[in-house]
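Residue-level listing of the chains:
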Amino acid sequence: MTKLSTGVRGRAVDGPRCRWCRRVLPEQSGAGRKRVFCSQACRQWDWVARQRARELKISEDELVIARAVIDSLYDDLYVLACAVDDTEREMKAGKPTVRSMTEALEWIMEAARPLRDRTLTSHDE
Ligand SMILES: [Zn+2]
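Residues numbered from 1 in each chain as written. Predicted model: local features only at pLDDT ≥ 70, side-chain atom pairs only at ≥ 80, totals over all residues. Heavy atoms only, no water.

**Structural notes on the coordination of the zinc ion**
Under perfect tetrahedral coordination by four donors, a metal shows angles of 109.5 degrees; under perfect octahedral coordination by six donors, it shows angles of 90 or 180 degrees.
Next up, step 1: Donor atoms from the polypeptide that bind the zinc ion are Cys 18 (SG), Cys 21 (SG), Cys 38 (SG) and Cys 42 (SG), placed at 2.3 Å.
Next up, step 2: When the donor residues of the zinc ion are listed from N- to C-terminus, their spacing reads C-x2-C-x16-C-x3-C.
Next up, step 3: A relative accessible area of 26% means that Cys 38 is categorised as partly exposed. (Donors = N, O, S within 2.8 Å, 3.2 Å for Na, K, Ca; no water. Buried < 20%, exposed > 50% of the residue type's maximum accessible area, 1.4 Å probe, protein only.)

Right, here's the structure in full:
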């Protein structure tokens with residue numbers, strides 16, 4: 001079994017990942033086929049993507065994705081970047097207080113949460 005390295009607070013940050021959503025797969029116990037997807041939904045999305053790749057005659061490593069999905073991802077990344085920039089500025093500008101750091105942490109958490117929960121599948125499919 002692959003030993004997972006861990007990030008802050010002992011959470012696994014690498015090791016086997018879901019082929020579709022890239023989340024770390026739960027540790028597998030016992031023999032049997034190696035798990036490739038974290039869920040049936042991910043298996044399904046991967047299958048659909050491969051079918052479309054075949055139809056469009058593109059490689060299985062390429063993905064056609066709706067612009068709205070990418071736009072929404074970039075929007076979330078932009079909000080996170082703003083939160084990081086604001087917090088860096090706050091930390092450089094004199095003495096951070098517990099209150100200012102708590103506010104900064106809340107702002108970063110608020111900006112990061114949509115990315116934690118995000119998938120790249122559109123909701124209308
Ligand atoms: Zn997955």
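Read on, since the account is not over.
**A short note on helix α2 (residues 67–92)**
An α-helix turns once every 3.6 residues. As a result, residues three or four positions apart point the same way.
Next up, step 1: If you check α2, its first and last C-alpha atoms are 37 Å apart, about what 26 residues at 1.5 Å a residue would give, namely 38 Å.
Next up, step 2: Residues of α2 that are buried: Val 69, Leu 73, Asp 76, Ala 83 and Thr 87.
Next up, step 3: For α2, the secondary structure elements touched by its buried residues are α3 (98–116).
Next up, step 4: At the exit of α2 stands Gly 94, carrying a positive phi of roughly 80°. (Helix = DSSP H or I, 4+ residues; strand = E, 2+ residues; numbered from the N terminus. Expected span 1.5 Å × (residues − 1). Contact = heavy atoms within 4.5 Å.)

**Topic: the pattern of salt bridges**
Any two side chains of opposite charge can pair, on the condition that their charged atoms come close.
Next up, step 1: Per the counting criterion, the structure on display carries 8 salt bridges.
Next up, step 2: Linked through salt bridges whose partners overlap, the residues forming this network are Arg 19, Asp 46, Arg 50, Arg 54 and Glu 60. (Salt bridge = Lys/Arg side-chain N within 4 Å of Asp/Glu carboxyl O.)

**Some words on the nonpolar core**
Next up, step 1: Cys 18, Trp 20, Leu 25, Phe 37, Cys 42 and Ala 49 form the largest nonpolar core, which has 6 residues in total.
Next up, step 2: When neighbours within four sequence positions are excluded, Leu 25 is seen to be in contact with Pro 16, Arg 17, Cys 18, Arg 35, Val 36, Phe 37 and Cys 38. (Core = buried A, V, L, I, M, F, W, Y, C linked by side-chain atoms within 4.5 Å.)

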